[in-house]
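Listed below, chain by chain, are the residues.
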Amino acid sequence: GEKGSYQTMAITLFTIMNKVRLESFMWGAGTAIGELPPYFMARAARLASQQEEKEKLEDEQNTANDEEDDDDDEFKQEMKEALEKADTSTLFGKGKAFMHNLVNKVGFFGILLAASIPNPLFDLAGITCGHFLIDFWTFFGATLIGKAIVKMHIQMVFIIVLFSKDSILNPSTSPSRTSKSILGP
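Residues numbered from 1 in each chain as written. Predicted model: local features only at pLDDT ≥ 70, side-chain atom pairs only at ≥ 80, totals over all residues. Heavy atoms only, no water.

## What to know about the overall build of the protein chain
Inference 1: A tally of helices and strands in the protein chain yields 9 helices and 0 strands.
Inference 2: Tracing the protein chain from N to C terminus, the helices and strands come up as α-α-α-α-α-α-α-α-α.
Inference 3: Counting every position in the protein chain, which comprises 185 residues, the buried fraction comes to 30%. (Helix = DSSP H or I, 4+ residues; strand = E, 2+ residues; numbered from the N terminus. Buried < 20%, exposed > 50% of the residue type's maximum accessible area, 1.4 Å probe, protein only.)

What follows is the structure in structure tokens.
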């Protein structure tokens, strides 16, 4: 073209997504990192408690017995006790029990699912994973994928559609025309 002329280009949902993908990923990764403190606090409390119990047992038995703890049986027993003690009469208690069951029954994919949806109770997943000594990389990997990839794309599409020129600045635009202009031809 001539000097000073402009070429028009259709701005679609996907062109906007490509422009903000890195920033959105970094935002999601930041939220995943923000989920680590509850995990580490619960993990540290659990390990300190186990150390205290171990020292108490050693004092009582004076290290005379050749006691070997079966970690799987201890874990299952503790899970059973925690579920029995759960107060499920309140919404918070029900959410806590749900997160507990999801993380412990489904593992990595349960954490991934909980991290992938807008979920105000996700701190409970971090606390549960820390308390039950779920492997750090299992917890963080599922959280990072869930928040920085899955949830980020859901929220990115929602924000782009919500704040697109056609849906906000021109409310008289028909829904079919708005969807065509956002999604492309």
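Once the structure has been displayed, the description carries forward.
## Considering the packing of aromatic side chains
Inference 1: This structure, assessed with the given rule, holds 9 aromatic pairs.
Inference 2: Ring plane angle 85 degrees and centroid distance 5.3 Å describe the contact between F108 and F109, whose orientation is recorded as edge-to-face.
Inference 3: Judged by its relative accessible area of 55%, F109 is exposed.
Inference 4: Measuring from ring centre to ring centre gives 4.8 Å for F136 and W137, while their planes differ by 75 degrees; the resulting arrangement is edge-to-face. (Phe/Tyr/Trp six-rings, centres within 6.5 Å; stacked < 30°, edge-to-face > 60°.)

## Details of a nonpolar patch on the surface
Inference 1: On the surface, L22, F25, M26, I145, I149, V150 and I154 cluster together into a nonpolar patch covering about 600 Å² of accessible area.
Inference 2: Elements with a minimum of two residues in the nonpolar patch: α1 (13-34) and α7 (136-162).
Inference 3: Take the nonpolar patch: its biggest share by element is 4 residues, from α7.
Inference 4: Within the element layout of this structure, I149 appears in helix α7. (Patch = residues over 30% accessible without salt bridge, like charges linked within 9 Å, V, L, I, M, F, W, Y side chains within 5 Å. Areas by Shrake-Rupley, 256 points an atom, 1.4 Å probe, with all protein chains shown as cover. Salt bridge = Lys/Arg side-chain N within 4 Å of Asp/Glu carboxyl O.)

## So, the side chain of T128
Inference 1: Mapped onto the elements, T128 comes out in helix α6 (residues 122-131).
Inference 2: Within the structure, the side chain of T128 is placed 2.7 Å from the backbone oxygen of L124, a separation counted as a polar contact.
Inference 3: In this structure T128 touches H100, V103 and N104, once residues within four positions along its chain are discounted. (Polar contact = N/O pair within 3.5 Å; in protein donor to acceptor, adjacent residues only side chain to side chain. Contact = heavy atoms within 4.5 Å.)

## Quick look at the nonpolar core
Nonpolar side chains in soluble globular proteins tend to be buried together.
Inference 1: Core analysis: the biggest nonpolar cluster contains 18 residues, and M99, I111, F122, C129 and F139 have the highest contact counts within it.
Inference 2: Counting only elements with at least two residues in this core, the list comes to α2 (36-61), α4 (91-106), α5 (108-116), α6 and α7.
Inference 3: Sequence-distant contacts of I111, defined by excluding residues within four places in its chain, comprise V103, F122, C129, I134, T138, F139, A142 and T143.
Inference 4: In this structure, L13, M17, M152 and I160 belong to the second largest nonpolar core, which totals 5 residues. (Core = buried A, V, L, I, M, F, W, Y, C linked by side-chain atoms within 4.5 Å.)

## A few points about the packing of α2 against α7
Inference 1: Viewed as axis vectors pointing N to C, α2 and α7 meet at an angle of 160 degrees, and their least axial separation amounts to 11 Å. The orientation of α2 with respect to α7, classified from their angle, is roughly antiparallel. Once α2 is placed against α7, the crossing between them reads as right-handed. Counted together, L36, Y39 and F40 of α2 and F136, F139 and F140 of α7 form the full contact between these two elements.
Inference 2: Split into classes, the residues belonging to the contact of α2 with α7 amount to 6 nonpolar, no polar and no charged. (Axes fitted to C-alpha atoms, helices over the stretch in contact; angles between N-to-C directions. Parallel < 35°, antiparallel > 145°, perpendicular 65-115°, else oblique. Left-handed = near helix turned anticlockwise from the far one by under 90°. Nonpolar A, V, L, I, M, F, W, Y, C, P; charged D, E, K, R; others polar.)

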